[in-house]
Amino acid sequence: GEALTADRALLALVTRVCSSRAGARLALPVSVSREAERIAERHRATITWTKLSAAHLMEVAGARGIDFAASQEGGFIWPDVIPAYDAVATLLHLLDLLVAADEKLSEVSAQIPPSFIAHEEVPTPWDSKGAVMREIVERSKGEEMVLVDGVKIIRPEGWVLVLPDPGLPSTHVWAEGAPEREARRLVA
């Protein structure tokens, strides 16, 4: 077998949930791969974007009629069971979804194109965090932005998410692009 990364497992579960539930409603952090959007669009599912925090993901999953929610750290939520991470419920749901589709997890994973997300942490003095975020917004005028958590700038070649760390004097920068060097270029 092949061990799946947390991101790949998330996309595999998104694929199976969207394939099996007409009009599925998902809750995912804004830092998830755009491939999740493509999967959802193909199956006419909807995504509610959440902040990166587990607390916000659980809050959205429990309050808004969501069918499935996931974090990028490998936490999966099935609100019909409990609006919190549940490994046993995930295993049971996954097995049920695979049996219903007569598919193997390896087959689902093989259908997902590779995605590359780069991450950097930039030291940022506490008193400069607001100025950094304002500068990012100003430089990105005219580009598509998502402001759920930090500033996510959508570009044709990928996306960049800039988010100040709430507990450390630093700013996180994530970027997705293909190939991997494009993700690294965007994060820089």
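It should be emphasised that the depicted structure is a prediction, and the values quoted were computed from it without experimental measurement.

**Description of the overall build of the protein**
Okay, so step 1: The secondary structure content of the protein amounts to 7 helices and 10 strands.
Okay, so step 2: Taken over C-alpha atoms, the radius of gyration comes to 17 Å for the protein, in line with the 16 Å a tight globule of 188 residues would show.
Okay, so step 3: Taken along its principal axes, the extent of the C-alpha atoms in the protein is 50 × 35 × 30 Å.
Okay, so step 4: The buried share of the protein, taken over its 188 residues, is 44%.
Okay, so step 5: A separation threshold of at least 6 residues defines the contact pool for the protein, and within that pool the share at least 24 residues apart is 52%.
Okay, so step 6: When the accessible surface of the protein is totalled, it reaches about 9900 Å², and 55% of it is carbon and sulfur.
Okay, so step 7: Charge centroids of the protein, computed over 20 positive and 27 negative side chains, lie 4 Å from each other.

**Some thoughts on the pattern of salt bridges**
Okay, so step 1: Applying the stated criterion to the full structure yields 10 salt bridges.
Okay, so step 2: Notably, a salt bridge pairs Arg25 with Asp67, separated by 3.3 Å at the nearest N-O pair. Placement of Arg25 in strand β1 (residues 25–29) and of Asp67 in the loop between α3 (54–63) and β3 (68–70) is noted, with a sequence separation of 42 residues between them.
Okay, so step 3: Since its relative accessible area comes to 37%, Arg25 is described here as partly exposed.
Okay, so step 4: Judged by its relative accessible area of 17%, Asp67 is buried.
Okay, so step 5: The salt bridge partner of Glu35 is Arg42, with a shortest N-O separation of 3.9 Å.
Okay, so step 6: Under the relative-accessibility criterion, Glu35 is labelled buried at 7%.
Okay, so step 7: Connected via shared salt-bridge partners are Glu35, Arg38 and Arg42.

Reading the values: the criteria
Residues numbered from 1 in each chain as written. Predicted model: local features only at pLDDT ≥ 70, side-chain atom pairs only at ≥ 80, totals over all residues. Heavy atoms only, no water. Helix = DSSP H or I, 4+ residues; strand = E, 2+ residues; numbered from the N terminus. Rg over C-alpha atoms; globule rule 2.2 N^0.38 Å. Buried < 20%, exposed > 50% of the residue type's maximum accessible area, 1.4 Å probe, protein only. Contact = heavy atoms within 4.5 Å. Areas by Shrake-Rupley, 256 points an atom, 1.4 Å probe, with all protein chains shown as cover. Lys, Arg positive; Asp, Glu negative; His and termini not counted. Charge placed at Lys NZ, Arg CZ, Asp CG, Glu CD. Salt bridge = Lys/Arg side-chain N within 4 Å of Asp/Glu carboxyl O.

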